[in-house]
Amino acid sequence: MYRKYKSAELVKPGGLDLKDRLVGVQRVTKVTKGGRAFGFSAIVVVGDEAGVVGQGLGKSKDVASAIAKAVEDAKKNLVRIPLKGKSLPHEQKGKFGGARVNIIPAAAGTGVIAGGAVRTVLEAVGVHDVLSKSQGSSNPHNVVKATFDALLQLRDASVIARDRGISLEKVFNG
């Protein structure tokens, strides 16, 4: 799922204290010749609030099993996100489908200035000081994936220095 990101570090769920957060539950309808068949789809974000996060989708005839399936799916898609203290290393834009998300690091004490699905993902990652703006589609599935797109593009200064083959001081001072 995260193959297009060079810096994406996949994480195994063993030994992590993961907390799951429900982003949304939708009732879906399939029309058949016998009438309408109702089902539910749930999108869930799991994270350890220390830089590891994953998202999953579950579908079932009842809400509880849809959420359980979504949690299991999320645990299979865990990635490590580089954090700088309780904020982000730099500003980043992410997009998926019609959703656009912009996340910006903020000064200590600012809090999480984000709405809906973006807030859920950022809290699961463990970011405490961040500004964000969601534009375009407000569909929670696409907003969560756009937020993950932005988070997976984040790079630590030490990783940038290693990739460029220069010292960490030269990254900041030129």
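Residues numbered from 1 in each chain as written. Predicted model: local features only at pLDDT ≥ 70, side-chain atom pairs only at ≥ 80, totals over all residues. Heavy atoms only, no water.

An unreviewed UniProt entry annotates the protein chain as Small ribosomal subunit protein uS5 originating from Confluentibacter flavum. Check the Sequence similarities (unreviewed entry) section of the UniProt entry for the protein chain; it says "Belongs to the universal ribosomal protein uS5 family." Its UniProt record gives the protein chain a comment under Subunit (unreviewed entry), which states: "Part of the 30S ribosomal subunit. Contacts proteins S4 and S8." (UniProt positions renumbered as here; feature names shortened; annotations may be inferred.)

Caption draft 1: Spatial organisation of the side chain of Gln92. Counting through the fold element by element, Gln92 comes out in strand β6 (residues 92-96). Discounting residues that sit within four places of it in the chain, Gln92 has contacts with Val101, Asn102, Ile103, Ala150, Gln153 and Leu154. (Helix = DSSP H or I, 4+ residues; strand = E, 2+ residues; numbered from the N terminus. Contact = heavy atoms within 4.5 Å.)

Caption draft 2: Quick look at the sheet that holds strand β9 (residues 130-136). Read from one edge of the open sheet, four strands run β6-β7-β9-β8, paired in mixed fashion. With partners counted over all chains shown, the strands left at the sheet margins are β6 and β8 (112-113), one partner each. Summarising the sheet, β6 and strand β7 (residues 99-105) pair through five bridges and their orientation is antiparallel. What sits directly across from Gly94, in β7, is Val101. (Pairing = 2+ DSSP bridges.)

Caption draft 3: Focus on helix α2 (residues 116-125). Counting buried positions over the ten residues of α2 gives seven, a clear majority of the element. Burial in α2 covers these residues: Ala117, Val118, Thr120, Val121, Leu122, Ala124 and Val125. After α2 finishes, the residue Gly126 shows a positive phi value of roughly 110 degrees. (Buried < 20%, exposed > 50% of the residue type's maximum accessible area, 1.4 Å probe, protein only.)

Caption draft 4: Examining the domain arrangement of the protein chain more closely. Taken domain by domain, the protein chain holds domain 1 (9-79) and domain 2 (83-173). Inter-centroid distance (C-alpha atoms) of domain 1 to domain 2 is 22 Å. The interface of domain 1 with domain 2 comprises 18 residues on the first partner and 14 residues on the second. Buried area between domain 1 and domain 2, summed over both chains or domains, comes out near 1200 Å², and the portion from carbon and sulfur atoms is 76%. A per-residue breakdown of the area domain 1 buries against domain 2 is headed by Arg21, Val23 and Gln55, which together make up 33% of the total. Inspection of the domain 1/domain 2 interface yields one salt bridge. A salt bridge links Glu123 to Arg21; the shortest N-O distance between them is 4.0 Å. Between the two partners, domain 1 and domain 2, sit four residue pairs in polar contact (both at pLDDT 80 or more). Contributions of two or more residues to the side of domain 1 that touches domain 2 are made by β2 (19-32), β3 (35-47) and β4 (52-60). (Domains from an automatic or database assignment. Buried area = accessible area lost by both parts, 1.4 Å probe. Salt bridge = Lys/Arg side-chain N within 4 Å of Asp/Glu carboxyl O. Polar contact = N/O pair within 3.5 Å; in protein donor to acceptor, adjacent residues only side chain to side chain.)

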